[in-house]
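# Chain and residue survey
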Amino acid sequence: MSGPLTDEQVAAFARDGFVVLPAFYEPAEVEAVQRGIHSIIRLLIKQHQLAVDQPAFAPETFDAGYQALIAHDRVLGGVVYDAVKQIPAFIRIVASAKHEAVVRQVRGTDAPVIAAGGYGIRIDNPGEEKFRAGWHQDYPAQIRSLDGLVFWSPLGKVSDELGPVEFCIGSHQDGLVPVHTRDPKDPRKTGAYALVLTDESERIGRYEKAAPLTDPGDLVLVDFLTLHRGGHNRTDRARWSMQMRWFNFEESTGARLGWLGGYAAGNDLRSVHPELVVD
Ligand SMILES: O=C(O)CCC(=O)C(=O)O
């Protein structure tokens, strides 16, 4: 099936479980999201009467003032996190015809759909282990369909120090991995964040890894079964990235479950897939 990916990119995705598509989005599409974030930060600085001099918008410094905001009150980071996923320019990217064409192409389906509640903008702050994504597959957290896709795209340039997402190359080919639903190393983690792969270190050790460095506008397309994790942010600035999830109405497991959503939709993995939970 033809579509936005070249034959080589389709083959790399099928083989590796992820593929990087450089400059997939138009600069103006991404800038509109960055502008939306800049405005939300400005509104909160004003509302809380903070003595922060936020510079005028520029794509490279769109989040200026955010670190001062969370240093004043970390709760405001959660306010920003919830607000940014409602930026119209972001929703336009989530629902873009290009995404639909990618799902049609790589899944060979006429029924591509957006995972409700499966999209957002991550803000990975320096040194915040509680919210860092450990090794996982997206399916146990998101459900919807076994052949779902994550569209991952950074809003700032991702360097090694900023903690790029790390992938186990080809791990999707080994299928679903059973999980523990509590993280003994960090009892503060809840819901999807608390899921830990069984035999994690031995399992992860089997694969070669890749941690692609990406720029705003690049897309990393990820299979719902690919093992991956967020990197450690060792800078003094947040790593901002968009996650947008689509799935396929035609895939049989999802259809049997009525295309049920996971944790964000209020469903617990144990009640949907008890066979995947080992506690
Ligand atoms: O950006 C990250 O740190 C991890 C993202 C992720 O795990 C996902 O999109 O499924």
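Keep in mind that what you see is a predicted model, and the values were worked out from it rather than measured.

What follows concerns the packing of aromatic side chains. This structure, assessed with the given rule, holds eight aromatic pairs. Between Phe24 and Tyr25 the ring centres are 4.9 Å apart and the planes differ by 85°, which places this aromatic pair in the edge-to-face class. Note on Phe24: relative accessible area 7%, which makes it buried. Members of the aromatic cluster, joined through ring pairs, are Phe62, Tyr66 and Trp240. Seen from the ring of Phe24, Lys98 lies directly overhead, with NZ or CZ sitting 4.3 Å from the centre.

Moving on to the pattern of salt bridges. Proximity of charged atoms lets side chains of opposite charge pair with each other. By the definition in use, this model includes 17 salt bridges. Its salt-bridge partner being Arg35, residue Glu31 comes within 3.2 Å of it at the nearest N-O pair. Note that Glu31 and Arg35 are positioned in helix α2 (residues 27-47) at a spacing of four residues, about one turn of the helix. A relative accessible area of 26% places Glu31 in the partly exposed class. Judged by relative accessible area, which is 43%, Arg35 ranks as partly exposed. A salt bridge links Arg229 to Glu166, with the shortest nitrogen-to-oxygen separation between them at 3.0 Å. With a gap of 63 residues between them, Arg229 in strand β9 (residues 228-229) and Glu166 in strand β4 (residues 166-168) connect regions that are remote in the sequence.

A separate point is the nonpolar core. Formed by 43 residues in total, the largest nonpolar core has its most connected members in Ile37, Phe151 and Trp240. At seven residues, the largest contribution of residues to this core is made by α2. If we ignore the near neighbours within four places in the chain, the residues touching Phe151 are Tyr25, His99, Val102, Val103, Leu219, Val220, Leu221, Met242, Gln243, Met244 and Trp246. If you look at the next biggest cluster of nonpolar residues, it comprises 15 residues, including Ile143, Trp152, Ala210 and Val220.

Here we come to the sheet that holds β9. Here we have three strands laid out as an open sheet, ordered β7-β4-β9, and antiparallel in their pairing. Every other strand in the sheet has two partners, leaving β7 (209-210) and β9 as the edge strands with one partner each. Direction of pairing for β4 relative to β7: antiparallel, over a ladder of two bridges. Within β7, the position partnered with Cys168 by the bridge is Lys209.

Reading guide: rules and limits
- Residues numbered from 1 in each chain as written.
- Predicted model: local features only at pLDDT ≥ 70, side-chain atom pairs only at ≥ 80, totals over all residues.
- Heavy atoms only, no water.
- Phe/Tyr/Trp six-rings, centres within 6.5 Å; stacked < 30°, edge-to-face > 60°.
- Buried < 20%, exposed > 50% of the residue type's maximum accessible area, 1.4 Å probe, protein only.
- Lys NZ or Arg CZ within 6 Å of the ring centre and 35° of its normal.
- Salt bridge = Lys/Arg side-chain N within 4 Å of Asp/Glu carboxyl O.
- Helix = DSSP H or I, 4+ residues; strand = E, 2+ residues; numbered from the N terminus.
- Core = buried A, V, L, I, M, F, W, Y, C linked by side-chain atoms within 4.5 Å.
- Contact = heavy atoms within 4.5 Å.
- Pairing = 2+ DSSP bridges.

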